[in-house]
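# Report on the structure
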Amino acid sequence: MGWAAVTVAMLAATPVFLTRGDVTPEAELRAEAESTWKALEARYVAEAGGVPGRAPMNISLRRGVGMLPSRNGQGRPGTVELRQETPGVLGERLRVALRHELAHQLLWWACPASAEDRLFHEAFALVVSGELVEWREAPYQSLTSASAELARNPDVDTPRARRALARVLNESTGFPRALTRRLRQCQDGARWAVPLSVDELAGVAHVVASATVVLSRHSGELLFSEGDIRTAMPYGSTLKPFVVAGSAAPPPVLSPRAEVPEWVCGERLPGKVDAKTALVRSCNGYFLDWEGQGSAPRAFGPWGAVLAAVGLSGEPLDMADAIGLQSTLRLSPWGLAQAYRLLAEARPDLMEVLSGSAARGTLSELPASKDYAGVAAKTGTVRDAESRPRLGWIVAVDGDLVVVVARPGKMPRAFAHEVPEVLAKVRKKRSGLEAARVQVLGLVQPSAIEARCQGAGFLLEQGTPRVIPEGFAKLEPLVQKGAVVCLGSPWRVRFPDAPAGRDYAGIFTNSPPPPFKLPAGVPTSPNAFRARRGSDFLFRTTRLQYTAGVVAAEDASLKGEARVALACVVAHNERHAHSRHAGRPVCDTTHCQTFLGTVRIQPEEERALAAPPLRWREWLPFSQGGQEPWSETRPRERVDSLLGLGVTAVRFADGRVHYVRTRREGGAVFDAAESLPCELLRSALKLPACPRTAHFGEREVSFEGRGQGHGEGLDVEAAKASGLDAGRILERAYAR
């Protein structure tokens, strides 16, 4: 595109600036904003290599109210708030604040994918607003201390953090290359999978830092972190399992070469070494010789796309790059944990191999080795030119968690005891981390369901990862090929009745229920039939996340002991679904327990999951309950289709509807007493609760009752009003 065309496009993309008289003079303020915007957009075009393809929104310029003393400006998309110390005077501080906030506005327009990356936003704003000149006059600060300050304050919302960011930016002259790369990424429409890191911004090679990160294998949520988990660092041997996973053919069995230093990997090495032994002993020579044979996968094979998506700094040129013998590539602890979460889901066989690391591999014969029972582990060591350890790694995976620990200057064996301690610490802090499985979206036509991963989405087809394109995609054809996993973000799932979508933090798989047939003579609606059949979509998350989702769906306003009691019942029922779906997980409709996706966990749910299991061994019913009176009418023909013709003497008791119906058999006419579970009538007619009375008219039937739900087990409204603790609420509801 020629410069003249670019200029025309830029002029056409200038937003309309709106003022309302509280920052003056208005005309001068708008003129300043327009000239600033043109300069910012010119910088964007120069660095990104193109013009955004859509028009910017109008921007309101107004006086800031209630701003922190340390701020001269703040904003959100479409609005800039400014501090004006003297009416009618556009001082230099106000102009700098305007340039800073308009830089954010430009990124929200031109690069929406970066909206959550605070470091990137603030770095760009500092560079283009002219503020760096001011910060250069500040007292000297080392790059190390600046990085530590930004790790403590990743939102960069204090003067100390701004000073630290300016110190990092001042490490280089001119426009930072890291920002240029990221702006080109914006213009290319590439996925913003990994936020900008301090060492990427500074361009400092081989940064090492202490970090600990723990992820849930099931929900993907970040359960614990310590240190700068986003710092990309040389990864040592930790990616060797991905080399094995990326091989299209079975890895070879090789003879070790005693004269080659890279084959020094433990005592009593067998005469023939396979990939299993090479992994647990971390034999560099095996992988180098495998490459020498010409059959090793290049750049991790299909797993290269996974590692790139979670932040691997480049594609390995050879095996030495891939297995970390050369520290040319980097990956953050967060990215490594994400990659291992997917590997554990795709290749349980490799996790089984790595579970031998503490028994006969790099973590064997240590006091902590026995604490690794049931844990798959991989170590890695980054060394300097004199073979001194610069950085040690341990990645550990058990049935529920992924742990990554990085320690500068240490060998993995020196801090092996920390991993079991971290696992125990996380489990003590939060209960309910084990898997919960639920049949979801059974009432929705499968072809109408779409899902989107805002992180990095992958389909696991026979253990091989396939990239799921950005944007919403049909869920049904994906899960029919294998599990679908979203790294770094929950799934967003939408369908016609929920166009805005819901979050689902977990893993979707395909699991068609067995053929289902209602018992003869049991009336039901199409929705009730689908609920009792179950769903083809199986969703796995944590018990805690599942419990919180159900409680929020059943009664989001519930607080205190009543919420704890309901959460105890929900978690209990997830383990006792056999009476709802024999041999199948619980469903997400009122037939089981309503579950509408992932929500914020409340303290009451954490208390419930930390409590001892309930003493009952069957499904525990609950309902909203209460005593609020209601009345409803339904067509007589609909009621007759459920109960039959000629119904009289209808009454409700003991959870059933009792009635007399006129029957004809062999020419004889007689009245017969019959009954059905009241829940069948309530559900089919969509009544708030089991009625107390029914009045049959010629065309309609009038029902009256109190409260909501089937009226069995825990009455939530009564629990709210009881003033009892959770234990006494449950005993009163279920004691027999």
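Just above sits the structure.
First, a word on what this report is: a plain description of the structure on this page. Predicted model, so just to flag it, every value in this text is computed and none were measured.

## Concerning the overall build of the protein
Looking only at helices and strands, one finds 27 helices and 28 strands in the protein. Taken over the C-alpha atoms alone, the protein extends approximately 100 × 85 × 50 Å along its principal axes. Here the protein holds 736 residues, and the buried ones make up 54% of them. Here the analysis covers contacts within the protein between residues at least 6 apart in sequence; of these, 66% occur between residues at least 24 apart.

## Observations concerning the nonpolar core
In summary, soluble globular proteins display a tendency toward joint burial of nonpolar side chains. Core analysis: the biggest nonpolar cluster contains 69 residues, and Leu239, Phe242, Tyr286, Phe287, Phe300, Trp303 and Tyr340 have the highest contact counts within it. For this core, the element with the highest residue contribution is helix α15 (residues 333–346), accounting for nine residues. Here Tyr286 is in contact with Pro251, Pro252, Leu254, Trp263, Val273, Asp274, Ala275 and Ala278, once residues within four sequence places are set aside. Trp491, Phe495, Leu558 and Ile601 belong to the second largest nonpolar core, which has 59 residues in total.

## Remarks on the state of the cysteines
Applying the stated rule across the entire model yields five disulfides. Two residues, Cys111 and Cys186, share a disulfide whose sulfurs are 1.9 Å apart. Judged by the sign of its S-S torsion, about -65°, the bond between Cys111 and Cys186 is left-handed. With Cys111 in the loop between α3 (92–110) and α4 (118–129) and Cys186 in helix α8 (residues 177–188), this pair connects stretches of sequence that are 75 residues apart. Just as Cys111 is buried, Cys186 falls in that class too. The residue that forms a disulfide with Cys587 is Cys592, at a sulfur-sulfur distance of 2.4 Å. On the S-S bond that ties Cys587 to Cys592, the torsion sits near 110°, and the link is right-handed. Unpaired in terms of disulfides, Cys568 finds its nearest cysteine sulfur in Cys592, a separation of 19 Å.

## Focus on the packing of α4 against α8
Interaxial distance between α4 and α8 falls to 11 Å at its minimum, and their mutual angle equals 115°. In the packing of α4 onto α8, the handedness of the crossing is left-handed. The residues of α8 that touch α4, namely those facing Phe120, Ala123, Phe124 and Val127, are Leu179, Arg182 and Leu183. Per-class residue counts for the contact of α4 with α8 are six nonpolar, no polar and one charged.

## As for the packing of aromatic side chains
Under the definition given, this model contains 16 aromatic pairs. Among the aromatic residues, ring-to-ring pairing joins Trp491, Tyr504, Phe508, Phe539, Tyr546 and Phe595 into one connected group. Over the ring of Trp192 we find Arg182; its NZ or CZ atom is 4.9 Å from the centre of that ring. Here the guanidinium or amino end of Arg494 rests over the ring plane of Phe472, the centre of that ring lying 3.8 Å away.

The rules behind each value
Residues numbered from 1 in each chain as written. Predicted model: local features only at pLDDT ≥ 70, side-chain atom pairs only at ≥ 80, totals over all residues. Heavy atoms only, no water. Helix = DSSP H or I, 4+ residues; strand = E, 2+ residues; numbered from the N terminus. Buried < 20%, exposed > 50% of the residue type's maximum accessible area, 1.4 Å probe, protein only. Contact = heavy atoms within 4.5 Å. Core = buried A, V, L, I, M, F, W, Y, C linked by side-chain atoms within 4.5 Å. Disulfide = S-S within 2.5 Å. Axes fitted to C-alpha atoms, helices over the stretch in contact; angles between N-to-C directions. Left-handed = near helix turned anticlockwise from the far one by under 90°. Nonpolar A, V, L, I, M, F, W, Y, C, P; charged D, E, K, R; others polar. Phe/Tyr/Trp six-rings, centres within 6.5 Å; stacked < 30°, edge-to-face > 60°. Lys NZ or Arg CZ within 6 Å of the ring centre and 35° of its normal.

Function cannot be read off these values alone, since they describe shape.
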